[in-house]
Amino acid sequence: MLFRLITIIFLLSVTSLYGSTQFRVIVDSSASMRLNDPERLTEESLRLIADLAPENETSLGVWLFGEQPRVLLPETIINSSIKAQLKKDMQGYITTDMKTDLESAIRFILETPSAQGIDPDAEQHWILVTDGVIDVGLSDSNNQASKSRLLSEVKDTLLERGIHLHTVSVSGQSDQDLLKELALKTSASFTAVTLPDDLLMTFNRIFTIANTPDEVAFQGNTFIVDKSIKEFTLLVFHDDGVNPQIIKPPEGRLLELRNTDKVRVARSDHYTLITVKDPVVGKWQVENVDIARSNIRVVTNLRAEGSTIAPVRFANEPLTSDISLYEGGRKLTDPVILKVVTAKQALMTLSGDKKMLTNESEPQHTDGSFKNAINISQEGDYELYSFLDGQSFTRKLSQFFSVIAPVELTVEDKEYDFTAFTIKPTHLRLNVLLSRVMLEIEYETGEKTLEEVPLLGIGFWQEVMLPQERRFSVRAQLLGETQAGVKFEYWTPTIEYVKAENPIDGNQVTPEQTRPEQTTPVVGIEDVAQGLPLGFNSDALPETMASEADISEPVDLDIASTEPEINEDELEISLFEILSYVAANLAALGVLGGLFWLYRRRKKRLQQTAM
């Protein structure tokens, strides 16, 4: 009986491709979407998410936003009837809104409870599709205020609730900086599609990020099904009106693309999804499809698993990849079996649905795993493609992530001719308490300085100083450490900076100016320090004065008329006041002496008691 129970649990563990996931899709319904998505591929992309998602395990909800947010498809657990309803509802929605109020839409959806039946610990992946900028009214100040709240209050709420907000820009006119920051801050993906056709690939990639599946790789237009595969799902992309052909082994017959007990087919204009249960072992062949964009997901008890890669990484942060094979949940370590397995990895840069090979390598077999160290210095979106070939089987693993600069350097003129150098972290993965920042300044004379920048209590580094010259180049070196304890080094891009000719405070002068004659009033150090920003370098404070150029005409200082009258009688101190002062001080000393005597006496008693 126990054996049967264990068997059932094991079979259940390999009959699901993915874990429980919540998908919420937010679609721009402004009138311009009809121009930027004329074939309404956004609708087809939504159907793709629904077709890919396992039934009874994943929830999906769709909202439209423009002037006001509204529900297109109430969030619910995905099943066959919901898929049919989604297709019907998507055909009926219109895009006529004249405004783009994204803030109200996200706040509205945040207040919407999760679908009944969804796992409370489900991964939350939201997808935002838009072609515009924030437009809540005619006032630019209102638009900027809404954008500011999105990047502060709304973003913080998304982070607190563990929501990944994937953003998709379908127009060059959209606020891509806003969309990218929202995505990266919530450890999600940002994609700027250049063509509407890219939308399908973008949604497929987001689904893969949310649910990393087991895959087998195409070899040309064929793929191998081994005996461990219980089910495969073939997603093929093609032109509108084209019918893909699937040729199954061993006779080479065409697979009938209709729903049966073992075959499920979901058709759309630009993609076809075919799921086959208990497939025939052997080499399968595919015709009339775009192989480069297609993939094969499998349910199997022979799985390839890779070490976790954070969705957002820093430039120059070491990336260690570890790929292992698992059979029935147990790691394969038998050297005889692993000896025939070869591993390859390819690092590709992503741009829309375009991929460019950046690096290709062969991980080394060590302790039952295939390990590789990769260094990425350039910012961008990447896919790490891992391929295992065991002769009788193949496995493929795709991992997507973004690489960003860990810190940003800004230079700004401040009051009294000071300059502020500010270095701020870009993502919470950086441990600012364990990281250090050095500032390198190089002047035209060739002199170069390098000094550490203090960390302020509000979470960034800042140095305020008087540079030696008005023209200089500056960059910052980060000796960084992530929250996971990974150490790395990063240099910011060099900034060529020229200070303004006229200081912010018109009375301020450059350090090299000399002190004029006594006709120039001197500004004290205390007066200067009161107006300095936090983090200033007090050692750089000069004795500051106004220059002769700041005085347009001679100043006649009438001391007699400006000095206040002093009553000399008020300066005299009487003998009674002197004696009172002395008596008060002697009394204070007496009290202190008495207290000290009592303390010594008590201490002596305690020592005698202890003996």
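Look above for the structure.
Residues numbered from 1 in each chain as written. Predicted model: local features only at pLDDT ≥ 70, side-chain atom pairs only at ≥ 80, totals over all residues. Heavy atoms only, no water.

Visitor: How should the packing of helix α3 (residues 41-52) against helix α8 (residues 198-210) be read in this particular structure?
Guide: Geometry of a packed helix pair, given as the angle between the helix axes and the separation of the axes. Interaxial distance between α3 and α8 falls to 9 Å at its minimum, and their mutual angle equals 30°. Accordingly, the angle class assigned to the pair α3 and α8 is roughly parallel. Of the two elements, α3 crosses α8, and the hand of that crossing is right-handed. Contact residues: α3 offers L41, T42, E44, S45, L46, L48, I49 and L52, while α8 offers L199, L200, F203, N204 and F207. Looking at the contact of α3 with α8 residue by residue, the classes come out as nine nonpolar, three polar and one charged. (Axes fitted to C-alpha atoms, helices over the stretch in contact; angles between N-to-C directions. Helix = DSSP H or I, 4+ residues; strand = E, 2+ residues; numbered from the N terminus. Parallel < 35°, antiparallel > 145°, perpendicular 65-115°, else oblique. Left-handed = near helix turned anticlockwise from the far one by under 90°. Contact = heavy atoms within 4.5 Å. Nonpolar A, V, L, I, M, F, W, Y, C, P; charged D, E, K, R; others polar.)

Visitor: What is the right way to look at the sheet that holds strand β14 (residues 282-287) in this model?
Guide: Strand pairing in a sheet is mediated by backbone hydrogen bonds. Such pairs are either parallel or antiparallel. Reading across from one edge, β8-β14-β10-β11 is the order of the four strands in this open sheet, with antiparallel pairing throughout. With one partner strand each, in any of the chains shown, β8 (222-225) and β11 (253-254) form the two edges of the open sheet. In terms of strand pairing, β8 meets β14 through four bridges, oriented antiparallel. Along β14, the bridge assignment pairs F223 with W284. (Pairing = 2+ DSSP bridges.)

Visitor: How should the packing of aromatic side chains be read in this particular structure?
Guide: Each pair of aromatic rings is reported with the distance of its centres and the angle of its planes. Applying the stated criterion across every chain, the model contains 10 aromatic pairs. Where F223 meets F232, the ring centres are 5.4 Å apart and the plane angle is 80°; that geometry is what we call edge-to-face. Ring centres of F223 and W284 lie 6.3 Å apart, and the angle between their planes is 20°; on these two criteria the pair is classed as stacked. Remark: W284 occurs in strand β14 and F223 occurs in strand β8; sequence separation between them is 61 residues. Each member of the pair, F223 together with W284, is buried. The ring of F314 carries the charged tip of R429 above its face, separated from the ring centre by 5.3 Å. In this structure, R475 packs its charged tip against the face of W491, placed 3.7 Å from the ring centre. (Phe/Tyr/Trp six-rings, centres within 6.5 Å; stacked < 30°, edge-to-face > 60°. Buried < 20%, exposed > 50% of the residue type's maximum accessible area, 1.4 Å probe, protein only. Lys NZ or Arg CZ within 6 Å of the ring centre and 35° of its normal.)

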